[in-house]
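Below are the chains, spelled out letter by letter.
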Amino acid sequence: MELSENINWNEIEKSFGTPVYVYDTAIIDRQIKKFRSAFKNVNAHLKYAVKSCSNISILKYMQTQGLGLDTVSIPEIKMGLELGFKPSEMVFTPNIVSFEEMREAVDIGVPVNIENLQNLESFGKHYGNAVGCCIRLNPNLVDEVEQGQTGDLDFSAVNKEHYDEVDSVKVSAWHNQSKFGISMSQYDLLMEIIEKYNIRIEGVHLHSSHVILNKEVFVKGVQTVFEIASKFKDLRYVDFGGGIMVKHKTDDVVIELDDVGPLFEKEYKRFCERIGKTIEVWFEPGRFLISEAGFLLTKTTVLKTNGHIDFVGVDTGFNHLLRPMMYNAYHEITNVTNPKGELKQYNIVGNLCEIDNLGTQRMLNEVSVNDLLVIHNAGAYGFSMSSNYNSKFKPAEVLIHNGEAKLIRKRQSYNDLLANQIEIDF
Ligand SMILES: Cc1ncc(COP(=O)(O)O)c(C=O)c1O
């Protein structure tokens, strides 16, 4: 996987130390361009998913590129407001939050996306037709997703037997037993609530979801949304969420935006003709824009051999990059200190008192103590999911822009660990 040619790793280490997250705006630009080019013929609006990497300098950079924000909490909205984003340039797409939190977002003027019938009913009771909202759907396409097949649109009832077999932790966003969205098996109830309170539905949302690797399935999801969206006379936009994957390994299969763009455009144009107006299309990409633009630079601290395994210990761990341990995610690792060294097999492990794998059975150019290793695809859900586990500091963050490396977050200090803690007397 590619390394950024704009980054001098030794200089970064010298100026900022390790571990450190480094982001490159040139790669962000490239990804924005790809997105815009794939959807150039639809009225597309990009709203960057703040949760993927929420540093305010990254958000500000997205603003300079004409993006809005997809937010999932009131503090994310507040960060956006402070940076000068208008409420209308944001969207609030939280999951499992109280209606009070939804109200706060509505009162600020941010368009809200409602993902459960309980909050929809509360919204109807509270606002009636006075304020518009968007509804997040879950299209029940799991079987097609798993089999890479498509069939007729099916808003079928929940299959209880299937439910019992499902491990709800692993269930993907388009599965009707996942916690996301309003299941199409509740379609009748959904419409009942909307009619009862005369709720103004201005948007219909479907998170594109990284499990969708098949363009036919993608199109079917799009058709599902348009089918439902056609029922709402106040419709202004459809929102296809985020979830567009990028490669973590060269042979990864991902959905190519250039392939789905024209298919999407066809459905979109047909839909606009059918309803007699041009609607906006919103996207909420996080990882597509920032995953490849971010790297975690770490230094090797300890080399050891246990049994037949050669371990490379580094000065970071799942407190800084959770994804390998949480999702078994593959993140390429490169030894930038010894790029021509002999290839050897290692397990790269973090420094937490815990099972802490960053990469197992990896072929790396021979590693020595104090070598610099770069962990790829670290921009999305890297720093933003970091913690202080083992009372270790969160790393610094650096942004490379126009060849200059700028600190955008200081490394934490001992005082940060104690902040908000209260020592009581006994
Ligand atoms: C509703 C919604 N929008 C956007 C995103 C961002 O997804 P990604 O970073 O995969 O593009 C997510 C991620 O879970 C989401 O649930």
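Residues numbered from 1 in each chain as written. Predicted model: local features only at pLDDT ≥ 70, side-chain atom pairs only at ≥ 80, totals over all residues.

K.L.:
Looking at this model, I keep getting lost on the overall build of the chain. Mind explaining?
P.N.:
Counting its regular elements, the chain contains 14 helices and 18 strands. Per-residue burial over the chain gives 42% buried out of 426 residues. Put simply, 70% of the contacts in the chain that link residues at least 6 apart link residues at least 24 apart. (Helix = DSSP H or I, 4+ residues; strand = E, 2+ residues; numbered from the N terminus. Buried ≥ 20, exposed ≤ 12 C-beta atoms within 10 Å, placed from the backbone. Contact = placed C-beta atoms within 7 Å.)

K.L.:
In this structure, what is going on with the nonpolar core? I would like to understand it.
P.N.:
If you look at the biggest cluster of nonpolar residues, it comprises 98 residues, and the most contacted ones within it are V22, V112, I135, V225 and I375. Sorting elements by how many residues they give to this core places helix α10 (residues 215-229) first, with 7 residues. Looking at which domains feed residues into this core, each of domain 1 (39-287) and domain 2 (294-418) gives three or more. With residues near it in sequence (within four places) discarded, V22 still touches I7, I12, F295, L297, V398 and I400. (Core = buried A, V, L, I, M, F, W, Y, C linked by C-beta atoms within 7 Å. Domains from an automatic or database assignment.)

K.L.:
Quick question: what am I supposed to make of helix α4 (residues 74-83) here?
P.N.:
Among the residues making up α4, those that are buried are E76, I77 and G80. Seen along its axis, α4 keeps its buried residues to an arc of 100 degrees; they face one direction. Away from its buried face by more than 90 degrees, α4 exposes P75 and E82. In this fold, the buried residues of α4 make contact with α3 (56-64), β3 (68-71), β4 (90-92) and α5 (99-108). Just downstream of α4 lies G84, where phi reads positive at about 100 degrees. (Arc of directions from axis to C-beta.)

K.L.:
Teacher, can you tell me more about the site of the ligand here?
P.N.:
For the ligand, the set of nearby residues contains 16 residues, the closest of which are A49, G242, E284, G286 and R287. Along the lines of polarity and charge, the residues of the shell around the ligand split into 5 nonpolar, 8 polar and 3 charged. (Near = placed C-beta within 6 Å. Nonpolar A, V, L, I, M, F, W, Y, C, P; charged D, E, K, R; others polar.)

K.L.:
Would you mind showing me how to read the pairing of β3 here?
P.N.:
Remark: a regular strand shows side chains that alternate across the two faces of the sheet. Where burial is concerned, the two faces of β3 agree: the one with G68 and D70 and the one with L69 and T71 are both buried. Bridge count for strand β2 (residues 44-49) against β3 is 3 bridges, and the pairing is parallel. Within β3, the residue paired with A49 across the bridge is D70. Read from β2 through α3 to β3, the crossover connection turns out right-handed. Where β3 lies against β4, 3 bridges are found, and the strand directions are parallel. Paired with L69 across the strands is M90, a residue of β4. (Pairing = 2+ DSSP bridges. Right-handed = clockwise from strand over helix to strand, strands pointing away.)

K.L.:
Looking at this structure, I do not really get unusual backbone geometry. What am I missing?
P.N.:
Glycine aside, the phi torsion of most residues is negative, and most peptide linkages are trans. Between T18 and the following residue, P19, the backbone shows a cis peptide bond with an omega angle of -10 degrees. Secondary-structure assignment places P19 in the loop between α1 (9-16) and β1 (20-24). Its identity as a non-glycine residue notwithstanding, Y381 has a phi of 60 degrees, on the positive side. Turning to its location among the elements, Y381 is positioned in the loop between β16 (372-375) and β17 (396-401). Residue S391 is not a glycine yet carries a positive backbone phi of 50 degrees. Here S391 lies in the loop between β16 and β17. A tally of 9 C-beta atoms within 10 Å means that S391 is categorised as exposed.

K.L.:
Looking at this model, I keep getting lost on the environment of A329. Mind explaining?
P.N.:
Among the secondary structure elements, A329 is positioned in the loop between α13 (323-327) and β13 (333-335). We classify A329 as partly exposed; it has 13 C-beta atoms within 10 Å. Once the C-alpha coordinates of A329 and G359 are considered, the two residues, 30 residues apart in sequence, prove to be 9.1 Å apart. When neighbours within four sequence positions are excluded, A329 is seen to be in contact with H248, R323 and P324.

K.L.:
So what exactly am I meant to see when it comes to α10 here?
P.N.:
Since there are 3.6 residues in each turn of an α-helix, residues three or four apart along the chain are aligned in direction. When the terminal C-alpha atoms of α10 are compared, their 21 Å separation across 15 residues agrees well with the 21 Å that a helix rising 1.5 Å per residue should span. Those residues of α10 not exposed but buried are V217, F218, K220, G221, V222, T224, V225, F226, I228 and A229. (Expected span 1.5 Å × (residues − 1).)

K.L.:
Quick question: what am I supposed to make of the environment of A405 here?
P.N.:
Within the element layout of this structure, A405 appears in strand β18 (residues 404-409). Sequence-wise, A405 and V22 are 383 residues apart; in three dimensions their C-alpha atoms are separated by 8.6 Å.

K.L.:
Explanation requested: the packing of helix α2 (residues 25-38) against helix α11 (residues 257-275) in the structure shown.
P.N.:
Two quantities define a packed helix pair, namely the angle between the axes and the distance from one axis to the other. α11 packs onto α2 with a crossing angle of 30 degrees between their chain directions and a minimal axis gap of 8 Å. One finds that α2 runs roughly parallel with respect to α11. On α11, the residues that touch K34, F35 and A38 of α2 are L257, D258 and G261. A per-class count over the contact of α2 with α11 returns 3 nonpolar, 1 polar and 2 charged. (Axes fitted to C-alpha atoms, helices over the stretch in contact; angles between N-to-C directions. Parallel < 35°, antiparallel > 145°, perpendicular 65-115°, else oblique.)

K.L.:
What am I meant to see in the packing of α10 against α11 here?
P.N.:
Direction vectors running N to C along α10 and α11 enclose 25 degrees, while the axes themselves pass 10 Å from each other. Between α10 and α11, the angle falls in the class roughly parallel. Here α10 and α11 pass one another in a crossing that is right-handed. In this structure, α10 uses K215, F218, V219, V222, Q223 and F226 to contact α11, whose residues at the interface are D259, V260, L263, F264, E267 and F271. Here the residues of the contact of α10 with α11 are counted per class, giving 8 nonpolar, 1 polar and 3 charged. (Left-handed = near helix turned anticlockwise from the far one by under 90°.)

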